[in-house]
Each structure stands twice: as C-alpha cells, then as structure tokens.
Amino acid sequence: MVMVMNYEMNDTTDYHIHGLDTLGWELTVCNALDPDDSPCRRVLRRNDSYGHLLYDYLSRFIPIRSLRKIIEIGGGYGYLMRDFLNRNNTLQATMLDISPYLLQRQRDTLSPFSVCFIQADIMDVQSPELQSFDLAILNENLGDLPTLVDAPPEAFASSRQDPDPLLEQVRSIFHRYAIEEPEDVRVNVNIGALSVLEKLCRAGIPFIFMGEHSCEAVAPEPWQHLVRLRPTGNPERIRLRGHDEYTIRFTDLEKIARAFQYRIIRGPFADFLAFDFTDKFRYIMAAKSTHTDEHEIIRHFIEDLYQYEYLILIKGRDATAAG
Ligand SMILES: C[S@@+](CC[C@H](N)C(=O)[O-])C[C@H]1O[C@@H](n2cnc3c(N)ncnc32)[C@H](O)[C@@H]1O
C-alpha cells in the first residue's frame, strides 16, 4: 500500500536570491539596535550595538582574542561583523550569504576591512569547506532555512520504507540524534537548521554561535505576567514580506551538538542584551493598550529579548578557555 504524505516544504531560496531588496520588513534585533539613537538601546543597561554586546559576552566563554578565522552565515547588512572587526581586527572574516543584494550591503558596510565574501546557499555547502573556521556565527537566519510543514506522525515511523528522500532525511536525522518523534500530531520540523548544525559540527568548528526566534522560550518566572510567551514546542510560522519563516526548536539542535561532544550554553538574548525591569518598563509591558509608538517599540523589543534564544557551542576541551 502506498501512503501519500501530504506535507509542505517552506523554502525561501527564491525570495532570497530574486526578491529580497531590504531587511526593513523583518527588523532584526541586530538592526533594531544599530542606530545610535535607537529607542531599543535606551532599554539596555549598556547603550551599545548588538555586535559589541555579543562580542563581549562571547569573550567570557571562548578565547575570541586568539581565534583566527571566523565565518558569518547570513550576515544581513554586515553590522555584527563590523562590530566584531572593530573589537578585534586580527580576525580573518568570511561572509557567506545566499542573497546577492545583502552580500553587496555587506561589502559596503565592511569596506574598511579585508573580508572574503561568498555567495552560496549554506544548504549546498559541504562540511570539508567549513573545516578551517574557528568560529561560526548564525544570527537570526535559522528560521529562513527549509522547514518541513505539517508533517503527519506516520512520516517519522522508522519502519516506513517509502521513497520520499526528504522524509527519509528527516527520519534519519531524528534517528541519528535520538530526537523525539511526535505522537499523534502534525508538526513542523526545522530540517534546514538541523542539517546545517550537523554540517558545522561534522566540520569540527570549535566554536559556534546561533541565535533565533524560539518556539520553546519562556520568560523568567518573575516576569511571566508581563512578558507573555507561548512556548508551543512546535516551530511556528511567521509571515513576512515575500516569504515565511519558522521559529526554532532549540532542544533538537542541542541533541546534535551534544552528540558531537560540544559543551552547550543556552539562554535568551536578554543574557547578553541585559536590561533592568524598571517601573517604566513594567508599566509599558502591563499596559493593555499602547500609548505611544516608542512604547510599542519597547514592548516588542523586551518581548524579543526573551523570545529569541541563543546557543554557544564549545567543542571538547576548549570549553573553559576565556579570552
Ligand atoms: C533575517 S536575515 C538576518 C540578518 C542578520 N544576521 C541580522 O541578524 O540582522 C537572514 C540572513 O540569512 C541569509 N540567508 C537566508 N537563507 C540562507 C541560506 N540558505 N544560505 C545562506 N544565507 C541565507 C539572508 O540572505 C540574510 O542575510
């Protein structure tokens, strides 16, 4: 008996190569913090850019001063890398991006530095091509990678022998890393993010940072009545201009990293974009309706600080070094 599996694949390749001509519609946390006078910066304990705050945070865990080769995959406008190179101009940087438009923006932003630019789909890059890098950064792009949408539970049964290569790939990655198979429900699977992480781990890159919108995020207990998140555990669709992306199930990524003997540090962006829940912010978060545009921006930004999670992955024995 042939069972027909009706599922969809969310694929943003065409949009990124041919459609994308701005990131304005999907204001990333990095871009939101870029202008010196950004209202989001005023929320933070330290008024600084995303890249500087992230660099300083990473240097608590990894010997970033002594690293040589860094690759950023999906670097958007290039602001994060600009900040890293401002902090440390001995880094040899490579920017890999699928979007010709954004690669040009990165060239412009990074023109004062010597940087290598590669136009490629990370899904097509092989592990050996990544072996020479000491640090890989993937910021707010895992959700763009291919996602299996609405997969029925039967698709995960390891005894199935159907000829669908995509389902076979999903089953085999679930099996290799003992990722829990869904029971009785249709789910979305971040297959692109899982395969890219497997590729980076297989390449043996000693340090990896990934950050993205999570489907498992919860605010810390004291703030849960103010920052109301819905951790469904199932990657959720976010509709954007010209394409959709999906939130990320970080627990599955952790399983892959652990299998490759990485030490894992996981948390919300609020760990490195630290802020204090002052009376003013409590008032803004508690208000049923928003009074000003600035309050609306701040409310979304504070939600994002908990809705976005990161992983710092540290291979083997380097786990204790700090730079
Ligand atoms: C939402 S933007 C994030 C940009 C930036 N990292 C930031 O945080 O502002 C996603 C980035 O990932 C890139 N991207 C999306 N899919 C990709 C793929 N398959 N391979 C390489 N880059 C990809 C996009 O072109 C873009 O630069």
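These notes cover the structure that comes with them. Every residue gets a number counted from 1 within its own chain, in the order that chain's sequence is written. Only residues with pLDDT of at least 70 are given local features in this predicted model, and only at 80 or more are side-chain atom pairs given and counted; all residues enter the totals for whole chains, interfaces and linings. Only hydrogens and water are set aside; all other atoms, that is, all heavy atoms of the structure, feed into the side-chain values.

### What to know about unusual backbone geometry
Phi is mostly negative for residues that are not glycine, and the peptide bonds are mostly trans. The line we're drawing: Only DSSP runs of H or I reaching four residues or more are called helices, and only runs of E reaching two or more are called strands; each is numbered from the N terminus.
Residues other than glycine seldom take positive phi values, yet E140 does so here, at roughly 55°. Even without glycine at this site, D150 takes up a positive phi of about 65°. If you trace the backbone, D150 turns up in strand 6 (residues 147–151).

### With respect to the site of the ligand
In plain terms, the rule: Here, proximity means that at least one heavy atom of the residue falls within 4 Å of the molecule or strand. Polar contact criterion, stated in full: a pair of N or O atoms within 3.5 Å, where within protein one must be able to donate a hydrogen and the other to accept it, and residues adjacent in sequence count only if both atoms are side-chain atoms. Only the protein chains shown count as cover for residues, with accessible areas throughout obtained via the Shrake-Rupley method and a probe of 1.4 Å. Asp, Glu, Lys and Arg are counted as charged, while Ala, Val, Leu, Ile, Met, Phe, Trp, Tyr, Cys and Pro are counted as nonpolar; the rest, among them Gly, fall into the polar class.
In the neighbourhood of the ligand, 22 residues make up the surrounding shell, with T28, G74, D97, D121 and N139 lying closest. One of the backbone N or O atoms of I122 is found 3.0 Å from a nitrogen atom in the ligand. A distance of 2.7 Å separates a nitrogen atom of the ligand from a polar backbone atom of N139. The protein chains hide 97% of the 600 Å² of surface that the ligand would expose on its own. Among the residues making up the shell around the ligand, the classes are represented as seven nonpolar, nine polar and six charged.

### Quick word on the sheet that holds strand 1 (residues 8–10)
To keep it simple, the criterion reads: At least two DSSP bridges between two strands are needed for those strands to be called paired. In this analysis, axes come from line fits to C-alpha atoms, helices being fitted only over the stretch in contact, and the angle between any two N-to-C directions falls in the range 0 to 180 degrees. We call two residues in contact whenever any of their non-hydrogen atoms come within 4.5 Å of each other.
Strand order in this open sheet of three strands is 1-6-7, and the pairing throughout is antiparallel. Both outer strands of the open sheet, strand 1 and strand 7 (187–189), are each paired with one neighbouring strand and no more. Averaged over neighbouring strand pairs, the angle between their axes works out to 25° when direction is ignored. The sheet contact formed by strand 6 and strand 7 spans two bridges and is antiparallel. Residue A151 lies in a different strand from strand 7, and its bridge partner there is V187. Running at roughly 95° to strand 6, helix 6 (residues 165–176) makes contact with strand 1, strand 6 and strand 7 of the sheet.

### Remarks on the packing of helix 9 (residues 279–286) against helix 10 (residues 293–307)
As a reminder of what qualifies: Note that the term roughly parallel is reserved for angles under 35 degrees, roughly antiparallel for angles over 145, roughly perpendicular for angles of 65 to 115, and oblique for everything else.
It is at 9 Å that the axes of helix 9 and helix 10 come closest, and there the two elements cross at 95°. Classified by the interaxial angle, the pair formed by helix 9 and helix 10 is roughly perpendicular. Between helix 9 and helix 10, the residues in contact are K280, F281, Y283, I284 and M285 and E294, H295, I298, R299, I302 and E303, respectively. The residue inventory of the contact of helix 9 with helix 10, partitioned by class, reads six nonpolar, one polar and four charged.

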